[in-house]
Amino acid sequence: MDIEKFSSMDFGEFVDVFGNVIERCPLIAAAVWSQQPFSDLEDLEKHFFAFIDALPQSGQEGILRCHLDLAGSELQRPLTAKSQREQSGAGLTSLGADERLRLVELNAQYRARFGFPFVLAARFSDRTAVPRELARRLLCPPAQELRTALGEVKKIGSLRLADLLRADPAKL
Ligand SMILES: NC(=O)N[C@H]1NC(=O)NC1=O
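Residues numbered from 1 in each chain as written. Predicted model: local features only at pLDDT ≥ 70, side-chain atom pairs only at ≥ 80, totals over all residues. Heavy atoms only, no water.

*Asks:* Help me understand the site of the ligand, please; the structure alone is not making it clear to me.
*Replies:* In the vicinity of the ligand there are 13 residues, among which Leu68, Ser83, Glu86, Leu120 and Ala122 approach most closely. Contact between the ligand and Leu68: a nitrogen atom at 2.8 Å from a main-chain N or O atom of the residue. Between the ligand and Leu120, the relevant distance is 2.8 Å, taken from a nitrogen atom to a main-chain nitrogen or oxygen of the residue. For the ligand, the protein covers 98% of the area, taking 290 Å² as the surface of the free molecule. If you list the elements that add at least two residues to the shell around the ligand, you get helix H6 (81-89) and helix H9 (142-166). Per-class residue counts for the shell around the ligand are eight nonpolar, two polar and three charged. (Near = heavy atom within 4 Å. Polar contact = N/O pair within 3.5 Å; in protein donor to acceptor, adjacent residues only side chain to side chain. Areas by Shrake-Rupley, 256 points an atom, 1.4 Å probe, with all protein chains shown as cover. Helix = DSSP H or I, 4+ residues; strand = E, 2+ residues; numbered from the N terminus. Nonpolar A, V, L, I, M, F, W, Y, C, P; charged D, E, K, R; others polar.)

Structure (structure tokens):
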């Protein structure tokens, strides 16, 4: 998809295409649309991230709460298609019983400590690194952890945006 195409989409089309760049947060795409035209991918990305950065803490935590747990999520709501692909690429949808139990426990401890689910860009990770990173981040101070988690949201958003802009518009 070229820059002219995504810089001139009407509102409905833009939200349909970019509504899940930030997991289950179409409102962010809805707000970014009004910043058209965009000069390039970096410019578009900048608007998504500026919106996140400008939110009060309750809004930033709300974005994190729109994510499902990494692994174990079939116990909650169904994953979005993008999240499913990311998690299965990291081997998180085919864990053994022990690995799964460990992650479920760590996820529960993390939620109890911070009040939002653990978020990590699964495409930069794998089934052995995820529990290690989760255990490490569990020990971080809350303000630092909020920043780390939002950084992961941005990494996921960057990868999703790059995929969308590479995609054939007819297949979106
Ligand atoms: N909980 C969580 O990190 N979920 C996200 N991670 C990722 O790579 N895709 C997601 O949906």
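From this point, things continue past the structure.
*Asks:* Can you walk me through helix H4 (residues 41-54) in this structure?
*Replies:* Think of an α-helix as turning once every 3.6 residues; residues three or four places apart then point the same way. End to end, H4 covers 20 Å across 14 residues, agreeing with the expected 20 Å (1.5 Å per residue, within 8%). Looking only at H4, the buried set comprises Asp43, Leu44, Glu45, His47, Phe48, Phe49 and Ile52. Elements that come into contact with the buried residues of H4 comprise helix H1 (3-7), helix H2 (11-18), helix H3 (26-33), helix H5 (57-65) and H9. With a side-chain oxygen lying 3.3 Å from the backbone nitrogen of Glu42, the N-terminal cap of H4 falls on Asp40. (Expected span 1.5 Å × (residues − 1). Buried < 20%, exposed > 50% of the residue type's maximum accessible area, 1.4 Å probe, protein only. Contact = heavy atoms within 4.5 Å.)

*Asks:* Looking at this structure, I do not really get the packing of aromatic side chains. What am I missing?
*Replies:* The way to describe two aromatic rings as a pair is by their centre distance and the angle between their planes. Inspection of every chain in the model, using the stated rule, returns nine aromatic pairs. Put simply, the rings of Phe6, Phe14, Phe18 and Phe38 pair up and form one aromatic cluster. (Phe/Tyr/Trp six-rings, centres within 6.5 Å; stacked < 30°, edge-to-face > 60°.)

*Asks:* In this structure, what is going on with the side chain of Glu61? I would like to understand it.
*Replies:* Looking at where Glu61 falls in the secondary structure, it is placed in helix H5. Those residues in contact with Glu61, other than ones at most four positions away along the chain, are Phe116 and Leu146.

*Asks:* I'm lost on the packing of H3 against H4 in this one. Help?
*Replies:* Helix packing for two helices is described by the angle between their axes and how far apart those axes are. Between H3 and H4, whose axes approach to 10 Å, the crossing angle comes to 120°. It follows from the interaxial angle that H3 and H4 lie oblique. Two packed elements cross with a definite hand, and for H3 against H4 that hand is right-handed. Every residue of H4 that contacts H3 at Ile28, Ala29, Ala31 and Val32 is listed here: Leu44, His47, Phe48, Phe51 and Ile52. Class assignment of the residues belonging to the contact of H3 with H4 gives a composition of eight nonpolar, one polar and no charged. (Axes fitted to C-alpha atoms, helices over the stretch in contact; angles between N-to-C directions. Parallel < 35°, antiparallel > 145°, perpendicular 65-115°, else oblique. Left-handed = near helix turned anticlockwise from the far one by under 90°.)

*Asks:* Would you mind going over the packing of helix H7 (residues 97-114) against H9 with me for this structure?
*Replies:* Where H7 meets H9, the closest approach of the two axes is 11 Å, and the angle between their N-to-C directions is 120°. With respect to H9, the axis of H7 lies oblique. Of H9, the residues touching H7 (which contributes Tyr110, Arg113 and Phe114) are Pro142, Glu145 and Ala149. The class makeup of the residues in the contact of H7 with H9 is four nonpolar, no polar and two charged.

Geometric values such as these leave the question of function open.
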